[in-house]
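One letter stands for each residue in the lines below.
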Amino acid sequence: IEDIHDFIKGLYKYAWNKLSAIDGVTIYGAKDDMCNIGILSFVVKGMHSHDVSEILSRDGVCVRAGHHCAIPLMKELGISNTIRSSFYIYNTTHDIDELAKAILKSQKIFA
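Analysis parameters
Residues numbered from 1 in each chain as written. Predicted model: local features only at pLDDT ≥ 70, side-chain atom pairs only at ≥ 80, totals over all residues. Heavy atoms only, no water. Helix = DSSP H or I, 4+ residues; strand = E, 2+ residues; numbered from the N terminus. Rg over C-alpha atoms; globule rule 2.2 N^0.38 Å. Buried < 20%, exposed > 50% of the residue type's maximum accessible area, 1.4 Å probe, protein only. Contact = heavy atoms within 4.5 Å. Areas by Shrake-Rupley, 256 points an atom, 1.4 Å probe, with all protein chains shown as cover. Phe/Tyr/Trp six-rings, centres within 6.5 Å; stacked < 30°, edge-to-face > 60°. Patch = residues over 30% accessible without salt bridge, like charges linked within 9 Å, V, L, I, M, F, W, Y side chains within 5 Å. Salt bridge = Lys/Arg side-chain N within 4 Å of Asp/Glu carboxyl O.

**What about the overall build of the chain?**
Okay, step 1: For the chain, the helix and strand inventory stands at four helices and four strands.
Okay, step 2: When the elements of the chain are put in sequence order from the N terminus, they spell out α-β-β-α-β-α-β-α.
Okay, step 3: Expected size for 111 residues packed as a compact globule is a radius of gyration near 13 Å; at 14 Å, the chain falls within 12% of this value.
Okay, step 4: Taking the principal axes of the C-alpha coordinates as reference, the chain spans close to 40 × 30 × 20 Å.
Okay, step 5: By residue count, 38% of the 111 residues in the chain fall in the buried class.
Okay, step 6: In the chain, the proportion of contacts linking residues at least 24 apart, taken out of those at least 6 apart, comes to 61%.
Okay, step 7: Accessible surface for the chain amounts to roughly 6,900 Å². Of this, 54% is attributable to carbon and sulfur atoms.

Okay, here's the thing in structure tokens:
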């Protein structure tokens, strides 16, 4: 179990670094990978999460979009929705690279 958690923490850290380097992406959640179980929520400036999710899906990247049954939190954060990616033992850094590429593609489409 500890090895699995360490693996997921590594993916989370990789994803945090990769996505935070994309201009216009804001990550919501703890940067400290010790506080995370492999879930990374983010928004792309100027784009609705469902639009981003649809473009990602067309490129084979699966995410969740919406308020995730957390409307009070969204109101507190001043946002209405996020995109949520989650990682587990079947994921790799390649999956995260594909996520980042698909986000960049969505930004070009909506530019």
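Text resumes after the structure shown.
**Here's the deal with the packing of aromatic side chains**
Okay, step 1: Tallied over the entire structure, the rule returns two aromatic pairs.
Okay, step 2: Ring centres 6.3 Å apart and planes at 45° place the aromatic pair Tyr 12 and Trp 16 in the tilted group. In this pair, Tyr 12 and Trp 16 are both assigned in helix 1 (residues 2-20), four residues apart and thus about one turn of the helix distant.
Okay, step 3: Assessed through its relative accessible area of 12%, Trp 16 is described here as buried.

**Some points on a nonpolar patch on the surface**
Okay, step 1: Together, Phe 7, Tyr 88, Ile 89 and Tyr 90 make up a nonpolar patch on the protein surface, roughly 430 Å² of accessible area in all.
Okay, step 2: Mapping Ile 89 onto the fold places it in the loop between strand 4 (82-86) and helix 4 (93-109).

**Some words on the environment of Ile 79**
Okay, step 1: If you trace the backbone, Ile 79 turns up in the loop between helix 3 (71-77) and strand 4.
Okay, step 2: In the structure, Ile 79 is positioned 36 residues away from Val 43 in sequence and 9.0 Å away in space, judged by C-alpha atoms.
Okay, step 3: Residue contacts for Ile 79: discarding those within four places in its chain leaves Tyr 28, Val 43 and Met 74.

**Looking at the pattern of salt bridges**
Okay, step 1: Scanning the entire structure with this criterion turns up five salt bridges.
Okay, step 2: The salt bridge involving Asp 97 is made with Lys 18; its shortest N-O contact spans 3.3 Å. Of this pair, Asp 97 sits in helix 4 while Lys 18 sits in helix 1; the two residues are 79 residues apart in sequence, bridging distant segments of the chain.
Okay, step 3: The salt bridge involving Glu 98 is made with Lys 101; its shortest N-O contact spans 3.0 Å. In this pair, Glu 98 and Lys 101 both sit in helix 4, three residues apart, roughly one turn of the helix.

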